[in-house]
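Coordinate analysis (summary)
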Amino acid sequence: APEMCIRDMVTVAMLRPVPHAGPIGDSTYSYTTMAQLPSAAQSHGAGDITIDLAALAITETKRVEFDSGLGDVQVKLPATGNIVVEWKTAMGDYRGPDGYRDGFDLDGTYARLTDPSGPTLTLVIRTGAGDGRVRA
């Protein structure tokens with residue numbers, strides 16, 4: 001029965017380890033300089049989040065981490081520069097420049113390295129339950 005499938009999915013999602021609790025509600029994080037990027041992992045409890053890096057100039061090598069317990073995560077990548085996105089979701093789907101996947105316990109890495117000797121921004125996105133969108 002369809003209800004059984006949905007109930008099973010919710011049960012599985014609840015049993016999965018969820019990233020640390022944090023704010024509840026939809027949020028947008030916009031960064032235009034490397035200095036604005038957080039140095040500690042950012043945790044979001046529930047709600048959709050947007051990470052807008054579209055206007056960011058990658059001028060140094062840095063690693064930034066975002067955890068989302070429940071909700072969709074949308075990432076707008078910088079137009080230029082070296083970028084690596086490491087993503088992991090307990091339940092949901094991923095759609096990015098490198099394809100589409102859905103299911104449970106998914107992870108992957110998208111890399112755009114236009115200048116291997118230049119600075120690289122590594123963005124780590126972890127979600128408990130939700131969909132991930134990465135737009136180049």
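The coordinates are above.
Residues numbered from 1 in each chain as written. Predicted model: local features only at pLDDT ≥ 70, side-chain atom pairs only at ≥ 80, totals over all residues. Heavy atoms only, no water.

Digging into the environment of aspartate 115
Note the following rule: Each helix is a run of H or I in the DSSP string that is no shorter than four residues. Each strand is a run of E no shorter than two, and both are numbered from the N terminus. Here a polar contact is taken to be a pair of N or O atoms separated by no more than 3.5 Å, where protein atoms must pair a possible hydrogen donor with a possible acceptor and residues adjacent in sequence count only if both atoms sit in side chains.
Within the fold, aspartate 115 resides in the loop between strand 7 (99-112) and strand 8 (120-129). In the structure, aspartate 115 is positioned 35 residues away from threonine 80 in sequence and 10.0 Å away in space, judged by C-alpha atoms. Within the structure, the side chain of aspartate 115 is placed 2.9 Å from the side chain of serine 117, a separation counted as a polar contact.

Quick notes on unusual backbone geometry
Unlike most non-glycine residues, aspartate 105 shows phi in positive territory, near 50°. In this fold, aspartate 105 is placed in strand 7.

Remarks on the pattern of salt bridges
What counts is decided by this rule: Basic side-chain nitrogens of Lys or Arg form a salt bridge, by our definition, when they fall within 4 Å of a carboxyl oxygen of Asp or Glu. Only protein chains enter the accessibility calculation, which uses a 1.4 Å probe; a residue is then buried when its area is under 20% of its type maximum, exposed when over 50%, and partly exposed in between.
Taken as a whole, this structure holds six salt bridges when the rule is applied. Note that glutamate 65 is salt-bridged to arginine 126, the shortest N-O span being 2.6 Å. Remark: arginine 126 occurs in strand 8 and glutamate 65 occurs in strand 4 (residues 62-70); sequence separation between them is 61 residues. Its relative accessible area of 24% is what places glutamate 65 among the partly exposed residues. Judged by relative accessible area, arginine 126 falls into the partly exposed class, the value being 27%. Each member of the salt-bridge network shares a partner with another, and the members are Arg63, Glu65, Asp67, Glu86 and Arg126.

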